[in-house]
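Here's the letter readout for the chains.
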Amino acid sequence: MVEVYEFWTMIISLVVVKLCHWVYKWRNPTSNGKLPPGSMGFPIIGETLEFMKPHDAFQLPTFLTTKILRYGPVFRTSLFGAKVIISADMGLNMEVAKTNHAPGAPKSLARLFGENNLFVQSRESHKHVRNLTTQLLGSQGLRLSMIRDIDSLARTHMEVGAKDGGLDVKETVSKILIECLAKKVMGDMEADATKELTHCWRYFPRGWFRFSWNIPGNGVYRMLKARKQMMNLLKETVLKKRESGEQFEEFFKIIFGEIEGGSKTMSIEEAIEYIFTLFVLANETTPAVLAATVKLINDNPKVKQELRTEHERIVRDKTEKGEADLTWEDYKSMTFTQMVINESLRISSTVPTMLRTVEHEIHVGDYTIPAGWIFMGFPSVHFNPEMYEDPLAFNPWRWEGKDLRGILSRTYMPFGVGSRLCVGAEFAKLQMAIFIHHLCRYRWSMKTEATILRRFILMFPHGSNVQFPEDTEVDNSAG
């Protein structure tokens, strides 16, 4: 009996020692040099729970500001089960973006895009899909046809919303976006397929940016289920078109033309992965940012009136010319609207806009950032009072006289930086401007209970509903 007791005492002691050693190694990771200061939190979960606490969407998270006060602008932590370096140092962020090209993301995000997705593979494959996306969403593609489709869809959805007495901005913009991209990428789809594709997003979980545990009922499980459903729908549509000999849109001809004779090939599976990822990236960004922009406009009557004046002028000018649809020239003439969009993007960029996997050791002063760690760069310069007077204030007039076409500078980087700079930046700004144009043709207000939080992604606990008075009328003289 004594021997059995001693045996189990020894086993338990070994387990405790091993556990303590594991915890110690977790909290004190090794490197070839001195690591930046910081805390790794609890084993596996790290400091994810604190990092993911909801916060005011228009202010940097408390997690970041507290850590900066304690450790400085560069510190280490553990998030989503990964070792992470967080930086609010713009010089370091720019350097890492230029010299490291592999995307940095938790496994839940990588699973969403698929292990073989060209967006998250090598630098060469990413460059390939960037070129494809540029042909669809670059300025030339937008100028030639996309603007007409966005204009028509925005007008139609706004008219329906006005008749119903209101609409949810985020949901409406999501519908416009998916309908527009589906038509341009997939061509004419069966009515049921289009409706199902649009409705898929309603069931797509908003909490997919989290731990990668695939447990029935949790966010990742629902995410993967939604992904499978949407992938099957897209693949079925493509195969039906190929079997029937139906013509694809020009964008798909580019993809399959390369299969037939180009130097860079793309299989049907890769093409479907690419289309799905394009939809996800677009749908998880622009609708939420635009809803936040509408909230900012609603809360600032002077801004709202200035926008109304600008868009009344555009309607009046088009009426005199006998024109209906918006043109590229109309879009470029929306000067104050562009100022509002720039300011909204600045003040709502309270998450890392630059995510990389460190490919080689980086030396920062006395510290060493090991290869293999995830690097998160926050655009803290957006809230630097030396760069922006009263940075927490929403003030579109601060952009007066500045280049409104730029999407990147050392003091402005809402679309990322380096080789991973968002190729759909111009498309996002175009969609925002056209939606604002049609909204400002009505009398509207956003519900007072509408609040905006961030839990890495933007959250709208009470929706993003806009109300139209019963007697509201639109000036139809411009279409």
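The rules behind each value
- Residues numbered from 1 in each chain as written.
- Predicted model: local features only at pLDDT ≥ 70, side-chain atom pairs only at ≥ 80, totals over all residues.
- Heavy atoms only, no water.
- Helix = DSSP H or I, 4+ residues; strand = E, 2+ residues; numbered from the N terminus.
- Polar contact = N/O pair within 3.5 Å; in protein donor to acceptor, adjacent residues only side chain to side chain.
- Contact = heavy atoms within 4.5 Å.
- Salt bridge = Lys/Arg side-chain N within 4 Å of Asp/Glu carboxyl O.
- Buried < 20%, exposed > 50% of the residue type's maximum accessible area, 1.4 Å probe, protein only.
- pLDDT = per-residue confidence, 0-100.
- Pairing = 2+ DSSP bridges.
- Phe/Tyr/Trp six-rings, centres within 6.5 Å; stacked < 30°, edge-to-face > 60°.
- Lys NZ or Arg CZ within 6 Å of the ring centre and 35° of its normal.

(A) Representation of the side chain of Ser 87 in the model. Considering the arrangement of structural elements, one finds Ser 87 in strand β3 (residues 82–87). Side-chain polar atoms of Ser 87 contact the backbone nitrogen of Asp 89, separated by 3.1 Å. Every residue in contact with Ser 87, bar those within four places of it in the chain, is listed here: Pro 73, Val 74, Leu 92, Asn 93, Phe 375, Met 376, Gly 377 and Phe 378.

(B) Structural view of the pattern of salt bridges. Considering all chains together, one arrives at eight salt bridges under this definition. The salt bridge partner of Glu 47 is Lys 67, with a shortest N-O separation of 2.7 Å. Here Glu 47, found in the loop between α1 (2–27) and α2 (48–51), pairs with Lys 67, found in helix α3 (residues 62–71); they are 20 residues apart in sequence, far enough to count as distant. Looking at Glu 47, the relative accessible area reads 9%, which means it is buried. When the shortest N-O distance is used, the salt bridge between Asp 317 and Arg 313 registers 3.7 Å. Within this pair, Asp 317 and its partner Arg 313 are both found in helix α14 (residues 301–321), separated by four residues, close to a single helical turn.

(C) Here's a closer look at unusual backbone geometry. Positive phi is not limited to glycine here, since Phe 80 has a value of about 55°. Assignment of secondary structure puts Phe 80 in the loop between β2 (74–79) and β3. Using a relative accessible area of 9% as the deciding quantity, one classes Phe 80 as buried. Here the phi dihedral of Asp 390 falls at roughly 50°; this positive angle occurs in a residue that is not glycine. Tracing the backbone through its elements, the reader meets Asp 390 in the loop between β8 (374–377) and α17 (425–439). The exposed category is assigned to Asp 390, whose relative accessible area is 52%.

(D) Spatial organisation of the confidence of the model for the protein. For the protein, the mean per-residue pLDDT works out to 79, and 75% of the residues sit at or above 70. Across residues 258–263 the pLDDT falls below 50, and counting only partners more than four positions away or on other chains, this stretch makes seven contacts in the model.

(E) Expanded view of the sheet that holds strand β10 (residues 453–455). Reading across from one edge, β1-β10-β11 is the order of the three strands in this open sheet, with antiparallel pairing throughout. Both outer strands of the open sheet, β1 (55–56) and β11 (457–459), are each paired with one neighbouring strand and no more. The pairing of β10 with β11 spans three bridges and is classified as antiparallel. Looking at the pairing, Leu 453 lines up with Met 459 of β11.

(F) Molecular detail of the packing of aromatic side chains. Under the defined criterion, the tally for this structure stands at nine aromatic pairs. Sitting above the plane of the Trp 444 ring, Lys 304 keeps its charged end 4.1 Å from the centroid.

(G) Seen up close, the sheet that holds strand β9 (residues 445–446). Pairing within the open sheet is antiparallel, and its three strands lie in the order β4-β12-β9. Of all strands in the sheet, those bounded by a partner on one side alone are β4 (166–168) and β9. Sheet analysis places β4 next to strand β12 (residues 465–467), joined by three bridges and oriented antiparallel. Following the sheet pairing, Leu 167 is matched in β12 by Val 466.

(H) Fine view of the environment of Leu 92. Assignment of secondary structure puts Leu 92 in helix α4 (residues 90–99). You can call Leu 92 buried: its relative accessible area is 5%. In sequence terms Leu 92 and Val 364 are 272 residues apart; their C-alpha atoms lie 8.0 Å from each other.

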